[in-house]
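# Analysis of the macromolecular model
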Amino acid sequence: MDINSLKESLAALLGVSADSFSYPPDSSLGDLSLATFKIAKEKGVSPVVWSEKTANELNSSADFLKYFEKALAVGPYLNFFWSANYQDEIVKGILDNTSYGRRSSSGRRVVLEFANGNTHKEFHIGHLRNLSFGDSVRLLSEAAGDEVITVSYVNDFGINAAKTVWNWQRQPKYASLPGNKGFLLGKCYAEAANLLNEKPELKSEVAEIKKEIENHQGDSYRLWQETRSWSLDYFQYIYKEMGISFVKYFYESEEIDEGREICQELSGRGILKQSEGAIIADLETYGLGFLPVIRSDGTALYPVADFALAKKKFSLYSPDESIYVVDIRQSLYFKQLFKVLELAGYDKPFKHLGYDFVTLPSGMMSSRSGNIVTYDELKKLLLDKLQEETSSRHPDWTAEKISSVSWELAKATIKFEMLKVGADREIVFDIQSASRFDGYTVCYVFYTFARLQSILRKEALEEYTPGLLKEEKEKQLVVKLSKYPEISFSAYLKNDPSEVSKYVFELAQLLNDYYHSTNILKADQASRQARLSLIKAATIVMENSLGLLGIKPLAEM
């Protein structure tokens, strides 16, 4: 019985809602608390009187005493203290069910769209926030029982592609430069953006190339096809390294034609209209301004393909909800898009999950200016730092093992740093602090996990004997473990992986404290086995928690 089940059981006894309970600020005051003002008012009695009467009744109830030691009335509050029996049930329950914290099927199907890369541009650490956040939302949703269809929508037809093709044609040097072609396209794009800012009169040349690409003809279109494949291969290389995959990929270039047909239909219904030669959605009535859809020169803007994509998602998957993970700069756009789709007759909910920027200690990044850290650059910097640290800790390890462990640490560091901060807050990605083995880092969590695994390797685990976890630190650990299902579900409801990051870090802190203050392997046989069981349960919860962040811990560091 986890904490949620315990609350529900107690709530049924008291006739209150399970979410009425809170946690006292100090464990000496109890393990759960109930403010009795509301229920006492409903019964027409004083909260103090009702609390005292109910405490006396509970303390003589066999159902209550099965999991609680006592109920204590403290003025208008009822505080509850767990029994040792409940602590044992938590530990044994985790050992018997390594999927602890996962829920059964909710019956919900969700289409989750993320990692919407722009071809012909760099893949930088800002994109890694989208990738990590989107995948963790998937993992949280699946743990909560949802069926999740992950899709990636690739912007391969945007103005960025035309700018890169334009500059690639102007600069033959790029074709002969060594290195990954997908990476070089990003450099070419940054140069093009800077040049166009300096010489805006050249933008007409880019516009002509965009038309040629959209019309599927000419040398520019053929170069677009070739360079597009380089970008897509580069994306796949990154997704594979980060351990992330998608059920389906959609491409702007493949949705444009149907999108234009939908625009004609929406225009006929009065949802879209002409304005100075362009096609727009007038959403002023809803406080959402105007949404440009097609430019006056006939080229398509983002909504054209998004209309077609929304229709295709519902046709293919019939989701209960369609979720888009895109940065906060697009918040207004998605409000506008969802309103148009609502007006068009889509009655299922759409949700935009926004997230704030990733910056460097030196300031903001920009693909246009080239002031960014690309995926490959970040990977190299982290690997160099972590290989140096790992080598100093394990001079006896082979170069291959050092490299393998360092790479797993690097991947975990990227994901943890992207997820330990709430989506509504900016991230300042500092490689030096992110790769420390102390403080709020994944290296600290991994090190704790590896130390516990080392202890568990020294003695085989036998049948769990109840009643032997009596130390206060042991109770604190069991309390923390019992809250995991509640934390993971709360993170799901809020789409907030940072709650899980914080939880697993705090659990690691408690475990380190316990490890340093308690003789685990030197205790008598029965106590030793009970403590080993507690540690084993803790490693299961650590592994499950990190799994919700897309991270697999290392058994040895």
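Let us look at the structure shown here.

## Regarding the sheet that holds strand 5 (residues 109–113)
Sheet architecture is open: 5 strands sit in the order 7-6-5-11-12, paired in parallel fashion. Sheet topology places strand 7 (248–251) and strand 12 (350–353) at the edges, where each strand pairs with a single neighbour. Strand-to-strand twist of the sheet, defined as the mean angle between neighbouring strand axes without regard to direction, takes the value 25 degrees. Looking at chain direction, strand 5 and strand 6 (residues 147–154) are connected through 5 bridges and run parallel. Across the sheet, residue Glu113 finds its bridge partner in strand 6, namely Val151. Sheet strands in contact with helix 6 (residues 125–143) are strand 5, strand 6, strand 11 (321–325) and strand 12, and its direction is about 160 degrees off that of strand 6.

## Looking at the pairing of strand 12
Note: strand 11 against strand 12, 4 bridges, orientation parallel. Bridging across to strand 12, Ile323 finds its partner in Lys351. Of the crossover connections in this fold, the one passing from strand 11 over helix 14 (residues 331–344) to the parallel strand 12 is right-handed.

## Observations concerning helix 16 (residues 399–419)
Because each turn of an α-helix spans 3.6 residues, side chains separated by three or four positions end up pointing in the same direction. The terminal C-alpha atoms of helix 16 lie 30 Å apart, and with 21 residues this matches the ideal 30 Å at 1.5 Å per residue to within 8%. For helix 16, a buried count of 15 out of 21 residues is recorded, marking the element as mostly surrounded by other parts of the structure.

## Section: the packing of aromatic side chains
Taken as a whole, this structure holds 35 aromatic pairs when the rule is applied. Arranged with centres 5.4 Å apart and planes meeting at 50 degrees, the rings of Tyr324 and Phe338 form a pair that is tilted. Here the residue Tyr324 occupies a position in strand 11, and Phe338 occupies one in helix 14, the gap between them amounting to 14 residues. Centroid distance Tyr333 to Phe334: 5.2 Å. Interplanar angle 70 degrees. Geometry classified as edge-to-face. For Tyr333, a relative accessible area of 13% gives the class buried. With a relative accessible area of 5%, Phe334 lands in the buried category. Counting every residue linked through ring pairs, the aromatic cluster contains Phe314, Tyr324, Tyr333, Phe334, Phe338, Tyr346 and Phe350. Seen from the ring of Trp230, Lys181 lies directly overhead, with NZ or CZ sitting 5.6 Å from the centre.

## Overview of the packing of helix 7 (residues 159–170) against helix 9 (residues 181–198)
Contact geometry for helix 7 and helix 9: axes closest at 8 Å, N-to-C directions at 95 degrees. The orientation of helix 7 relative to helix 9 falls into the category roughly perpendicular. Residues Asn160, Lys163, Thr164, Trp166, Asn167, Trp168 and Arg170 of helix 7 form the contact with helix 9, whose own contacting residues are Leu184, Leu185, Cys188, Tyr189, Glu191, Ala192, Leu195 and Leu196. Residues of the contact of helix 7 with helix 9, tallied by class, amount to 9 nonpolar, 3 polar and 3 charged.

## Points about the pattern of salt bridges
If you walk through the whole model with that rule in mind, you get 36 salt bridges. A salt bridge links Asp156 to Arg228; the shortest N-O distance between them is 2.6 Å. Of the two residues, Asp156 sits in the loop between strand 6 and helix 7 while Arg228 sits in helix 11 (residues 218–242), which places them 72 residues apart along the sequence. For Asp156, a relative accessible area of 0% gives the class buried. Arg228 sits in the buried class, given a relative accessible area of 16%. Through salt bridges that share partners, Arg108, Asp146, Glu321 and Lys351 make up one connected network.

## Considerations on the sheet that holds strand 8 (residues 273–275)
Reading across from one edge, 8-9-10 is the order of the 3 strands in this open sheet, with antiparallel pairing throughout. The open sheet is flanked by strand 8 and strand 10 (290–294), the only strands paired with a single partner. Along the sheet, successive strands turn relative to each other by an average axial angle of 45 degrees, direction set aside.

## Let's talk about the packing of helix 10 (residues 203–214) against helix 11
Remark: helix 10 packs on helix 11, axes separated minimally by 8 Å, with the N-to-C direction vectors making an angle of 75 degrees. Relative to helix 11, helix 10 is oriented roughly perpendicular. The residues of helix 11 that touch helix 10, namely those facing Ile209, Glu212 and Ile213, are Gly218, Asp219, Ser220, Tyr221 and Trp224. Classifying every residue of the contact of helix 10 with helix 11 gives 4 nonpolar, 2 polar and 2 charged.

## So, unusual backbone geometry
Positioned with a positive phi, Ala115 is a non-glycine residue whose angle comes to about 55 degrees. Looking at the secondary structure, you find Ala115 in the loop between strand 5 and helix 6. The residue Glu276 is not glycine, and still its phi comes out positive at about 55 degrees. Tracing the backbone through its elements, the reader meets Glu276 in the loop between strand 8 and strand 9 (278–282). Take Glu276: its relative accessible area is 80%, and that puts it in the exposed class.

## Observations regarding the layout of surface pockets
There is about 290 Å³ of room inside the second largest pocket. Around the second largest pocket sit 17 residues that line it, and Ser27, Gln476, Val479, Lys480 and Lys483 are the ones nearest its centre. Of all the secondary structure elements, the ones that give two or more residues to the lining of the second largest pocket are helix 19 (472–482) and helix 21 (498–517). The dominant element in the lining of the second largest pocket, judged by the number of residues it contributes, is helix 19, at 5 residues. Across the lining of the second largest pocket, the residue classes tally to 6 nonpolar, 4 polar and 7 charged.

## Looking at the environment of Glu426
You can see Glu426 is positioned in the loop between helix 16 and strand 14 (427–428). Judged by relative accessible area, which is 39%, Glu426 ranks as partly exposed. A C-alpha to C-alpha distance of 27 Å links Glu426 and Gly289, two positions 137 residues apart in sequence. Excluding anything up to four places from it in sequence, Glu426 contacts Arg129, Asp356, Phe357, Thr359 and Val421. A polar side-chain atom of Glu426 sits 3.4 Å from a polar atom in the side chain of Thr359.

## Section: the nonpolar core
Phe80, Leu128, Leu131 and Leu481 are the most contacted members of the largest nonpolar core, which has 121 residues in total. Contacts of Leu131, omitting those with residues within four sequence positions, involve Phe114, Ala115, Phe123, Ile238, Tyr239, Met242, Ile244 and Phe246. In terms of nonpolar packing, the next biggest core, distinct from the first, is built from 58 residues, Ile213, Leu272, Ile294 and Ala300 among them.

Definitions and limits used
- Residues numbered from 1 in each chain as written.
- Predicted model: local features only at pLDDT ≥ 70, side-chain atom pairs only at ≥ 80, totals over all residues.
- Heavy atoms only, no water.
- Pairing = 2+ DSSP bridges.
- Helix = DSSP H or I, 4+ residues; strand = E, 2+ residues; numbered from the N terminus.
- Axes fitted to C-alpha atoms, helices over the stretch in contact; angles between N-to-C directions.
- Contact = heavy atoms within 4.5 Å.
- Right-handed = clockwise from strand over helix to strand, strands pointing away.
- Expected span 1.5 Å × (residues − 1).
- Buried < 20%, exposed > 50% of the residue type's maximum accessible area, 1.4 Å probe, protein only.
- Phe/Tyr/Trp six-rings, centres within 6.5 Å; stacked < 30°, edge-to-face > 60°.
- Lys NZ or Arg CZ within 6 Å of the ring centre and 35° of its normal.
- Parallel < 35°, antiparallel > 145°, perpendicular 65-115°, else oblique.
- Nonpolar A, V, L, I, M, F, W, Y, C, P; charged D, E, K, R; others polar.
- Salt bridge = Lys/Arg side-chain N within 4 Å of Asp/Glu carboxyl O.
- 1 Å grid on protein atoms, 1.4 Å probe; cavity = no way out; pocket = protein on both sides within 12 Å on 5 of 7 lines; lining within 4 Å.
- Points joined across faces, edges and corners; volume = space filled by probe spheres on them.
- Polar contact = N/O pair within 3.5 Å; in protein donor to acceptor, adjacent residues only side chain to side chain.
- Core = buried A, V, L, I, M, F, W, Y, C linked by side-chain atoms within 4.5 Å.

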